[in-house]
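Next come the chains, spelled out residue by residue.
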Amino acid sequence: MKIKICGFDKAQDILLDQNPSWTHAISISAPTVGGAIAEDLRDWGAFPGQKLRLLFDDIDHIYPGYQPPNIADIVPVIAMAATLAEDSQILVHCAAGVSRSPAVAFVLLCAALGPGREEEAYAMVKAGAGGIIPNKRIIDIGDHLLGRGRTLSDIVKKDMALAREKRQQTGEFYPFYE
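Throughout this document, residue positions are counted from 1 along each chain, in the order its sequence is written. Residue-level local features of this predicted model are given only where pLDDT is at least 70; pairs of side-chain atoms are given and counted only at 80 or more, and the full residue set underlies all totals for whole chains, interfaces and linings. Just so you know, side-chain values use all the structure's heavy atoms and leave hydrogens and water out.

Section: the environment of Gly147
Part 1: A run of H or I in DSSP becomes a helix once it reaches four residues, and a run of E becomes a strand once it reaches two; helices and strands are each numbered from the N terminus. Relative to the elements of secondary structure, Gly147 occurs in the loop between helix H6 (136-146) and helix H7 (151-170).
Part 2: Under the relative-accessibility criterion, Gly147 is labelled exposed at 61%.
Part 3: Gly147 sits 32 residues away from Pro115 along the chain, and the two C-alpha atoms are 9.1 Å apart. Think of it in three bands: with a 1.4 Å probe and only protein chains considered, a residue is buried below 20% of the maximum accessible area for its type, exposed above 50%, and partly exposed in between.

Next up, the structure:
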């Protein structure tokens, strides 16, 4: 399997490509701006593969006026995992490709690869993306739906702690993840 995680602009270029090689695509946007983005990607260009559209905000707590990801949003991601094959090429995007899309990609790959291969799934996510800070709520929902205890959450926490430590040593800013 090959996975690409990116922001909206790069995804639009990929999805509108005349000769796409992607077999699956997940497009994530906030409901408040989803209308404009949905219009841009409504026809998905020449994309012939399986598509999934998700609308929720990039938050991990409940805030008035915002729609957090919930179980109903992640169930179709896990269902899509059952359609993946070894040669699948998967595109997952959100606005920036940093939080929602890496988290959704991680849950997708964990479901596809099966229990005990979560580290492998996370390595695939990191290889398919730039700098990532996976959305905690999506990761927690994935742990719950997949019955993995806190395995996914622990992997992300460990990675975020290592990244934070490395950046603190160099004096660079890095968001806190708990």
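What follows continues from the structure just given.
Regarding the sheet that holds strand S2 (residues 24-29)
Part 1: By the convention used here, strands pair only if DSSP detects at least 2 bridges between them. Pairing is parallel in the open sheet, where four strands are placed in the order S1-S4-S2-S3. Here the strands that pair on one side only, and so sit at the sheet edges, are strand S1 (2-6) and strand S3 (50-55). Going across the sheet, the axis of each strand differs from the next one's by a mean of 10°, ignoring polarity.
Part 2: Judged from the four bridges that link them, S2 and strand S4 (residues 89-93) form a sheet pairing that is parallel. Note that in S4 the partner of Ala25 across the bridge is Leu91.
Part 3: The contact rule is simple, with two residues in contact once any of their heavy atoms fall within 4.5 Å. What counts as an axis is a line fitted to C-alpha atoms, over the stretch in contact for a helix, and the angles between N-to-C directions run from 0 to 180 degrees. On top of the sheet, helix H3 (residues 71-81) reaches S2 and S3; it is set at about 165° to S3, its chief contact.

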